[in-house]
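# Architecture and fold: a report
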Amino acid sequence: VSMNGSPQNPRRLLGLAIAALLVAAGMWLVYRSSTDDPVVAPTPDPTATTGAVVADTTATTAAVSLDAGRVAELVAFVEATRNLTFTEEPEVEIMAADEFGAELAGFLDTELDSSAITESEDVYRALALSPTDQEIEPLLREFLLRRTLGYYDNESATVRVRGGLGPLTESVLVHELTHALESEYFDLDSDRFSEREDESLLAFQAVVEGNAAFVEAAFVEQLSEAEKTERQLGQAGLVAPPPLSGPVLVTLAFPYSEGSVYVDGLFAAGGTDMLDLALTNPPRTSEQISEGQAIGLEDAVSEVRFPPADDVEMSRGVLGSLTLRLVLETALPRANARELSLEWSGDAFVSWREQTAVCVRADIVAESPAAQERMLIALTEVAKARVGTADVVAVDDLVRFTSCA
Ligand SMILES: [Zn+2]
């Protein structure tokens, strides 16, 4: 909600900025679905790093391409698991690593939104969630080039997958085929969310990736033990990702890590009908995803006025429960930060530049007066622990957090 008139450029946080890409791109991420696992940038998939693994020994033995019969089997698996049928045969391209890399690089050129990433970077920097001297875009690009094994190009309705990785290639293909299948029945184009200042896009993204992860997990489940191991070796053999900050990685991974837990909950409650419903009636906040809120229940989000900026306003938006959690984690144990972030009931932030620093001011509403008090105390701890300047005050029923770096 814009209380101060229309901003010239609606800005989005990192998760939202790259979400349009993620709708199309099935990435293989380092992050696992356990939300208690810390994400440490240079560490590959922790489940796959037992012992010294020379990944190429398995990877090079698998054929780059799959025969048509095998692709048809995987298509049938996706249809049966997702309980939908392709109306047209999906376009599938399975490519050698270098050829796939070249295609992907071109795809990223068209999909990465530099100005949105820069704006997100400023907000993350002001909140001390990303180093002040780090440019996110080149690292993000490198990350995506190293970790992406497949993507669905919505424009040409084509699934492209890197071949030669045996069961890992097959599980990625299953994931991407789920996107292709759902795009025949639902509007997966995220442009309709791009002008929103809230977290709608991120929450929708969590449903889309959660659904694909659901089908992928069902596929992995029915593999033999030997195939499961081979798949893990394939993951372990991927080139280590570049050093993006932990909070940036958690945000990138959110649609996959928490989206898959969320969708598991939906399926348990109502089967694949519930997955359909989540795409037509998606949640609007990261808090609904993290809390596993049922579809159709309106989350009571408080409408918050944008606070004043101390200089020319650079951007504005909603931090949301996820970004609040990441801020709280800079001073609190992870479990406490998560618990408190789920007491989020709404916020509004603005940013501006102060000499060489970037500043963010957020007005945050908690779900109860007691929670507001806890939020005030916790954010005061955050401010104390900070390099740079941060300040916390209670303003009526709001907690006002100002942070510069
Ligand atoms: Zn995906």
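The structure displayed is predicted, hence computed values, not measured ones.

### Observations concerning the overall build of the protein chain
Regarding its fold elements, the protein chain presents 15 helices and nine strands. Counting only residues that meet the buried cut, the protein chain has 56% of its 405 residues in that class. Partitioning the intrachain contacts of the protein chain with sequence separation of at least 6 by distance along the chain shows that 77% fall at a separation of at least 24. Total accessible area on the protein chain is roughly 16,600 Å²; 50% of this is exposed by carbon and sulfur atoms.

### Describing helix α14 (residues 334-341)
Within the span of α14, buried status applies to A337, R338, L340 and S341. Structurally, α14 contributes buried residues whose contacts are with α11 (246-280), α12 (286-291), α13 (320-328), β6 (344-354) and α15 (369-385).

### Side note on the coordination of the zinc ion
Note on the zinc ion: its protein donors are H175 (NE2), H179 (NE2), E209 (OE) and E209 (OE). The metal-donor distances range over 2.0 to 2.7 Å. Around the zinc ion sit four donor atoms; with metal-centred angles ranging over 52 to 146°, the donor geometry is irregular. In primary-sequence terms, the residues that donate to the zinc ion follow H-x3-H-x29-E. Here H175 pairs with H179, and both are found in helix α8 (residues 167-185), just four residues apart, close to one helical turn. As far as the burial class goes, H175 and H179 line up, both buried.

### Some words on the sheet that holds β6
Strand order in the open sheet made by the five strands is β5-β6-β7-β9-β8, with antiparallel pairing throughout. Looking at strand neighbours, the two that pair on one side only are β5 (313-317) and β8 (389-395), the edges of this open sheet. Each strand axis lies, on average, 15° off the axis of its neighbour in the sheet, ignoring direction. Against the sheet, α15 makes contact with β6, β7 (357-366), β8 and β9 (398-404), and its axis sits at roughly 165° relative to β8, the strand it touches most.

### What about helix α9 (residues 200-221)?
A rise of 1.5 Å per residue sets the reference length of α9, with its 22 residues, at 32 Å; its end C-alpha atoms lie 31 Å apart and thus fit the reference within 8%. The element α9 is largely enclosed, with a buried count of 19 among its 22 residues.

### Overview of the confidence of the model for the protein chain
The predicted model of the protein chain averages 82 in pLDDT, with 84% of residues at 70 or higher. The model gives residues 1-60 a pLDDT under 50, and that stretch makes 159 contacts with residues more than four places away or in other chains.

### Structural notes on unusual backbone geometry
Phi at A157 takes a positive value of approximately 50°, unusual for a residue other than glycine. The phi torsion at Q355 lies on the positive side, around 50°, for a residue other than glycine. Among the residues examined, Q355 registers a relative accessible area of 79% and is labelled exposed.

What counts, and where the lines are drawn
Residues numbered from 1 in each chain as written. Predicted model: local features only at pLDDT ≥ 70, side-chain atom pairs only at ≥ 80, totals over all residues. Heavy atoms only, no water. Helix = DSSP H or I, 4+ residues; strand = E, 2+ residues; numbered from the N terminus. Buried < 20%, exposed > 50% of the residue type's maximum accessible area, 1.4 Å probe, protein only. Contact = heavy atoms within 4.5 Å. Areas by Shrake-Rupley, 256 points an atom, 1.4 Å probe, with all protein chains shown as cover. Donors = N, O, S within 2.8 Å, 3.2 Å for Na, K, Ca; no water. Tetrahedral: all angles 85-135°; square planar, octahedral: opposite > 155°, others 65-115°. Pairing = 2+ DSSP bridges. Axes fitted to C-alpha atoms, helices over the stretch in contact; angles between N-to-C directions. Expected span 1.5 Å × (residues − 1). pLDDT = per-residue confidence, 0-100.

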